[in-house]
Amino acid sequence: MEQNKPRFRFAPSPTGGLHIGTARTALFNWLSARSMGGDLILRIEDTDLKRSTKEYEESIINDLKWLGLNWDEFYRQSERLNLYKSEAERLLKEGKAYMCFCSSERLEALKDKLISEGKPLGYDNKCRNLSEDEINDNLGKGIEYTIRFKVNPKEIKFNDLIRGEIKFSSEVISDFVLIKSDGTPSYNFAVVVDDNDMRITHVLRGEDHITNTARQIMLFESLGYKIPYFAHLSMILGKDGAKLSKRHGSTTITQFKEEGYLNEAIANYLSLLSWAPRDGEEIFYLNDILNKFKISDISKNPAIFDVDKLNWLNGNYIRKKANEELVELVLPFLIKENIIKSIDINEQASRNKIIKCVDAFKDKIKTLAEFPVYAKDFFSDKISYYDEDAINILKSDTSIKVINMFANKLTQISDSIKTIKDNTDNSNILTEDLAKEIINEVGSSLQAENIKGKLLYMPIRASLTGKVHGPDLPKVISILGKEECLKRINQTISFLNNNKI
Ligand code: GLU
């Protein structure tokens, strides 16, 4: 085994989905390990048996993979209980820990008393100096016990790789539990035993763990372990300066996925929370920053989660995608909105239509979930409603002329179009260029009547979509295809007649 190889770990508790803050911690561990040629360990901290679930573990692992992260070793704390027990017993033997027989009722009462006296919370060391007889007596009675660590007063210092020197006085820390009465380890104890056993060299985690670090350093020292480097990432705040929470919108990776964010965009955005490449680049794939990433460049200031910036990045990644790949990505969103049925997915005609829509809208959408909003009109077999502006345009005499002329030209070219059809593409091949030509022809035929520009475009658009806004008109025509264009024009004419417009 290589000696001095850096070893990082990411240690999520499977008591919920992968939160954006935890994902950022995972990502920074990955970036650090990979940029330093080190190892990354995924350690599932599932000793809280009541709150941990297999479903959350699976969802965390899926989301980490989705973000493009990988790891070299995998552990589950619930499978390592014997190790924690034997290390706690070693501390007991060495007189560095003791059995505590206090009942949870007594501890609750102690807590209430300290609160009412305005004193700092902590254990009052009642069991610290029990005699051997007292201990044996309690054990004989079958009284449950925890194993507590003896905190010795001293100053604890460490050099945080992001924040510099941090000092604690152990006076504020009272004797704490290492092994609970059910035999499971406390968080602080399991972490230290594991970080040593897994030969972790760098502990990189959220700043909410800074106070735990003091306890952990005491344990590292008492157990005779080598103390790793520590680095604590700042919190992620909302734009209002408050800690990121549900109130700010989505907070888990699964939610962002469901809202149509791309994994590349989320990974890119997370890496910019507290860090930025020195060259100022903002859009990059993770592999592109491995030679630029340094722990010492991580900022200790709180990171602000800016959803507008994430949307901007996401839009960029959407535009970078090839149309074929985007089709696959938008399919679940089209199905979810009932715009296409899953059985139609393999129909070439549906695919061609989606590809054309993707091409028409990829510049406009910021998330995949926005795609159905733009695309839905093109998938219904008729115009769902006419908006006021469209009706006003359709009212004018010249509009009727334009629409009729357009329908006429479309019908004329339809035969020649059919001859170019081939087997691989059974959609119509009314291309955007051809659509442009048809519009121009309508324009030249109506030139004498001075019908051009908006007078030409708007009625055609309104007759095909019932709206005055949308993608470029030739795109609209091409997406719909000739049959559907003609069907919609008929619908519009009937609509005008029926409503006496
Ligand atoms: N399991 C802890 C958490 O989810 C992380 C512990 C650590 O990184 O030391 O916050």
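Residues numbered from 1 in each chain as written. Predicted model: local features only at pLDDT ≥ 70, side-chain atom pairs only at ≥ 80, totals over all residues. Heavy atoms only, no water.

1. A short note on the overall build of the protein
- Secondary structure assignment for the protein yields 18 helices and twelve strands.
- A globule of 501 residues ought to have a C-alpha radius of gyration of about 23 Å, yet the protein, at 33 Å, is considerably larger.
- Expressed as a percentage of the 501 residues in the protein, the buried residues total 48%.
- In the protein, of all internal contacts separated by at least 6 residues, the share reaching a separation of at least 24 is 76%.
- Just so you have it, the protein exposes about 25,000 Å², and 48% of that area is on carbon and sulfur atoms.
- Averaging the coordinates of the 72 positive side-chain charges in the protein and doing the same for the 74 negative ones gives two points 2 Å apart. (Helix = DSSP H or I, 4+ residues; strand = E, 2+ residues; numbered from the N terminus. Rg over C-alpha atoms; globule rule 2.2 N^0.38 Å. Buried < 20%, exposed > 50% of the residue type's maximum accessible area, 1.4 Å probe, protein only. Contact = heavy atoms within 4.5 Å. Areas by Shrake-Rupley, 256 points an atom, 1.4 Å probe, with all protein chains shown as cover. Lys, Arg positive; Asp, Glu negative; His and termini not counted. Charge placed at Lys NZ, Arg CZ, Asp CG, Glu CD.)

2. Description of helix 11 (residues 323-336)
- With 14 residues, helix 11 should cover 20 Å at 1.5 Å per step; its first-to-last C-alpha distance of 20 Å lies within 8% of that length.
- Residue Val330 marks the point of greatest curvature in helix 11, where the axis turns by about 35°; the proline Pro332 follows within four residues.
- Restricting attention to buried positions, one finds in helix 11 the residues Asn323, Leu326, Val327, Val330, Leu331, Phe333 and Leu334.
- Elements that come into contact with the buried residues of helix 11 comprise helix 8 (253-258), helix 10 (307-320), helix 12 (348-361) and helix 13 (371-379).
- Looking one or two residues beyond helix 11, the residue adopting positive phi is Asn338, at roughly 60°. (Expected span 1.5 Å × (residues − 1). Bend = angle between axes of the 7 residues up to and from the residue.)

3. Quick word on the pairing of strand 9 (residues 202-206)
- Burial within strand 9 is extensive, with five of its five residues counted as buried.
- One crossover worth recording links strand 9 to the parallel strand 10 (residues 229-233) by way of helix 7 (residues 210-223), and it is right-handed. (Right-handed = clockwise from strand over helix to strand, strands pointing away.)

4. Some details on the site of the ligand
- Residues in close proximity to the ligand include Arg9, Ala11, Ser13, Glu45, Tyr187, Arg205 and His209, which together make up its full environment.
- At 2.9 Å, a side-chain N or O of Tyr187 approaches an oxygen atom of the ligand.
- Here the ligand has 300 Å² of accessible area as a free molecule, and 81% of this is covered by the chains.
- Of the residues that constitute the shell around the ligand, the class distribution is two nonpolar, two polar and three charged. (Near = heavy atom within 4 Å. Polar contact = N/O pair within 3.5 Å; in protein donor to acceptor, adjacent residues only side chain to side chain. Nonpolar A, V, L, I, M, F, W, Y, C, P; charged D, E, K, R; others polar.)

5. As for the pattern of salt bridges
- All told, the structure shown has 40 salt bridges when counted by the stated rule.
- Ionic pairing is found between Arg106 and Asp124, a salt bridge with its closest N-O pair at 2.5 Å. Of the two residues, Arg106 sits in helix 4 (residues 104-116) while Asp124 sits in the loop between helix 4 and helix 5 (132-140), which places them 18 residues apart along the sequence.
- With relative accessibility at 26%, the residue Arg106 sits in the partly exposed group.
- Judged by relative accessible area, Asp124 falls into the partly exposed class, the value being 36%.
- The shortest N-O distance in the salt bridge between Asp137 and Lys141 comes to 3.4 Å. (Salt bridge = Lys/Arg side-chain N within 4 Å of Asp/Glu carboxyl O.)

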